[in-house]
Amino acid sequence: MADVGELLRPLVPQVLGTLVRRYGQFEACEDAVQEALVAAVEQWSAGEVPDNPRAWLLTVATRRLTDLWRSESARRRREETVAVQDVALTAVVPGPEDEQPPEQDDTLTLLFLCCHPAVTPSSQVALTLRAVGGLTTAEIARAFLVPEGTMARRITRAKETVAAAGSTFTPPSTEDWPARLQVVLHVLYLIFNEGYTATSGENLHRAELSEEAIRLTRAVHARLPDDGEVAGLLALMLLTDARRPARTGPDGTLTPLAEQDRRKWTVPLIVEGLELVNRVLGQGPVGPYQVQAAIAALHDQAAGADSTDWAQILELYGLLEQLAPSPVTTLNRAIAVAMVHGPEQALALLATLEDDARLKQGHRLDAVRAHLLELAGDTASAREHYLRAAKRTSSIPERRYLQGKAAKLLPREG
C-alpha cells in the first residue's frame, strides 16, 4: 500500500492539471481525481499496476467526470451540460499525447490555485494536501486530529471559495506573482512544521506531512531553480528534517537539540541542504527562508551544542527580525542572546513580548522563559513556568518533556 501511495502522489498534479486545463471546473475535476485515486489503491494494491499509471488515472478520472455530467444532464436536461458531456466523452480513451510523460509540470499552477488569497490559511493547507499532495480527506483529518466530516467541509468550502473568486487554471499575473508565491511557500512551510512538531496528539512527528512538504517544495524548486527563497525553504526543510531521528527517545519522549545524539542525524539531507545554502546565499536579495536555512546550517555543522556559533546565529536572528518580524523570531533570538550575553539580557528581551496577543494562548513564551530562568539559577520560577507551559500545550510529548523539566527542579528534602 505504501508503494502504491508513493507511485500515485507525483501523478496527482499531472492528472488534475490535465483535466482542469481541458474542462475547467476545478472542484468537479478534483473530486474525479480523488475517486480515481481510491480506485487505483483498491486495484493496484492487489498487484494490478498498469503499464502507464498516468494514462490509467486520467482515463478513470475522465470517466468519473463523464458520469457526473451524464447525471446532471439527466436531471437538469440542460443543453450546455449535454455539450460538455459530449466533449468529455471524446477524452475517455487517452489520446497519444497522454501515453507520453506530460509536457509541463502543473504542480506550481495547482499550488497557486489551492493557495488563493481568498481561502483561509488552514483551508489552503488542507486543499493543497488533497489536490496537489494526493492525500485523502481521511488522511488529512487524521493528521490534524479533526473528524473526517469536519475536514471534508473545510475542503469543500475552500473549493467553493476558489470557484467564487473566479480563479482559472493559469499562473498569476506578473504583478501578483511575488505575493502569490510567498503564499505558496508559507503553506508548504506550515505543512512541514506541523509534520515536524505536531501541535497536538500522542506523537511529536507526523512524518507523512513533513515528507510531503519536502516533496512539493522540491517540485516548486525544479520549476524555479534560480529563486533564492524557494531554495532557502527547501534547504531549511532538509537541514531541519535531518535531525528528526534524534528528536525522540525509544519511548517517544522529546530530546532537545542540545542533548541529541548527532550521530543519528541524516547526513545526506544535511549535505544537500548545505549545498543549497551555499549556492543561494549572496546570489541575490536575501529573504527570510534563506536566513532560517543559514541558522539551521550552523546548528547542523556544529559538532555539539558547546561548539555552536551562537554569535553568528544571534546576528542572523537580528537580520530575520528585520526581514520578517514575529514573536516566534524574538523568542528564538532570546535563546541566542542567552547563549552569547547571558540569561538576564535574554529575559529582558522576553519581557517585550508580555502583551503580544499572538503568544497569549500558546505555551512557547512560558517554555522559553522557564529555560532562561533555569539558566539564571531561579529554579522556583523556572519550575512554575515549565508547569504553566505544560498545561498550555496540546502536544503530549512536549507536555511530558515540560513536566519532566519541572520535576527535576523540585526542592530536595532535608
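Parameters at a glance
Residues numbered from 1 in each chain as written. Predicted model: local features only at pLDDT ≥ 70, side-chain atom pairs only at ≥ 80, totals over all residues. Heavy atoms only, no water. Axes fitted to C-alpha atoms, helices over the stretch in contact; angles between N-to-C directions. Helix = DSSP H or I, 4+ residues; strand = E, 2+ residues; numbered from the N terminus. Parallel < 35°, antiparallel > 145°, perpendicular 65-115°, else oblique. Left-handed = near helix turned anticlockwise from the far one by under 90°. Contact = heavy atoms within 4.5 Å. Nonpolar A, V, L, I, M, F, W, Y, C, P; charged D, E, K, R; others polar. Core = buried A, V, L, I, M, F, W, Y, C linked by side-chain atoms within 4.5 Å. Buried < 20%, exposed > 50% of the residue type's maximum accessible area, 1.4 Å probe, protein only. Expected span 1.5 Å × (residues − 1). Salt bridge = Lys/Arg side-chain N within 4 Å of Asp/Glu carboxyl O. UniProt positions renumbered as here; feature names shortened; annotations may be inferred.

Visitor: What is the right way to read the packing of helix 12 (residues 228-241) against helix 14 (residues 288-301) from this model?
Guide: The packing of two helices is summarised by the inter-axis angle and the distance between the axes. Following both chains from N to C, one finds helix 12 and helix 14 inclined at 30°, their axes separated by 8 Å at the closest point. In terms of orientation, helix 12 and helix 14 fall into the roughly parallel class. The two elements helix 12 and helix 14 cross, and the hand of that crossing is left-handed. From helix 12, Gly228, Glu229, Gly232, Leu233, Ala235, Leu236, Leu239 and Thr240 reach across to helix 14, where they touch Pro288, Tyr289, Gln290, Gln292, Ala293, Ala296, Ala297 and Asp300. A class-by-class count of the residues in the contact of helix 12 with helix 14 yields nine nonpolar, five polar and two charged.

Visitor: How do you make sense of the packing of helix 7 (residues 121-131) against helix 10 (residues 177-196) when you look at a structure like this?
Guide: Two elements in contact, helix 7 and helix 10, have axes separated by 10 Å at closest approach and are oriented at 85°. By the angle class used here, helix 7 and helix 10 are roughly perpendicular. Contact with helix 7, carried on its side by Gln124, Val125, Thr128 and Leu129, involves Val183, Val187, Leu190 and Ile191 of helix 10 and no other residues of that element. Across the contact of helix 7 with helix 10, the residue classes tally to six nonpolar, two polar and no charged.

Visitor: Honestly, the nonpolar core in this entry has me stumped. Any pointers?
Guide: When a protein is soluble and globular, its nonpolar side chains tend to lie buried together. Counting 85 residues, the largest nonpolar core has Leu16, Leu19, Phe26, Val33, Leu57, Leu65 and Leu188 as the members making the most contacts within it. Counting residues per element, this core draws most heavily on helix 3 (residues 26-44), at ten residues. Beyond its immediate stretch of four places on either side in the chain, Leu57 contacts Leu8, Leu11, Val15, Ala36, Leu37, Ala40 and Trp44. Judged by nonpolar contacts, the second largest core, of 23 residues, contains Ile295, Leu314, Ala346 and Leu349.

Visitor: Quick question: what am I supposed to make of helix 3 here?
Guide: Each α-helix winds once per 3.6 residues, and so residues spaced three or four apart point in a common direction. Compared with an ideal rise of 1.5 Å per residue, which puts 19 residues at 27 Å, helix 3 spans 26 Å between its outermost C-alpha atoms and is within 8% of the ideal. The complete set of buried residues in helix 3 reads Phe26, Ala28, Cys29, Glu30, Ala32, Val33, Gln34, Ala36, Leu37, Ala39, Ala40 and Trp44.

Visitor: I tried to follow the pattern of salt bridges on my own but got confused; where do I start?
Guide: Two side chains bearing opposite charge may form a pair once their charged atoms approach each other closely. Overall, the coordinates contain 20 salt bridges when judged by the stated rule. A salt bridge links Glu212 to Arg9, with the shortest nitrogen-to-oxygen separation between them at 3.5 Å. On the criterion of sequence distance, the pair formed by Glu212 in helix 11 (residues 207-223) and Arg9 in the loop between helix 1 (2-8) and helix 2 (11-23) is long-range, its members being 203 residues apart. Classification of Arg9 by relative accessible area gives buried; the value is 19%.

Visitor: Whenever I open this one, the UniProt feature "domain: RNA polymerase sigma factor 70 region 4 type" (unreviewed entry) in the chain confuses me. Can you help?
Guide: Using the residue numbers shown here, the UniProt feature "domain: RNA polymerase sigma factor 70 region 4 type" (unreviewed entry) corresponds to residues 112-160. When the span residues 112-160 is considered, its composition is 69% helix and 0% strand, and the gap between its end C-alpha atoms is 16 Å.

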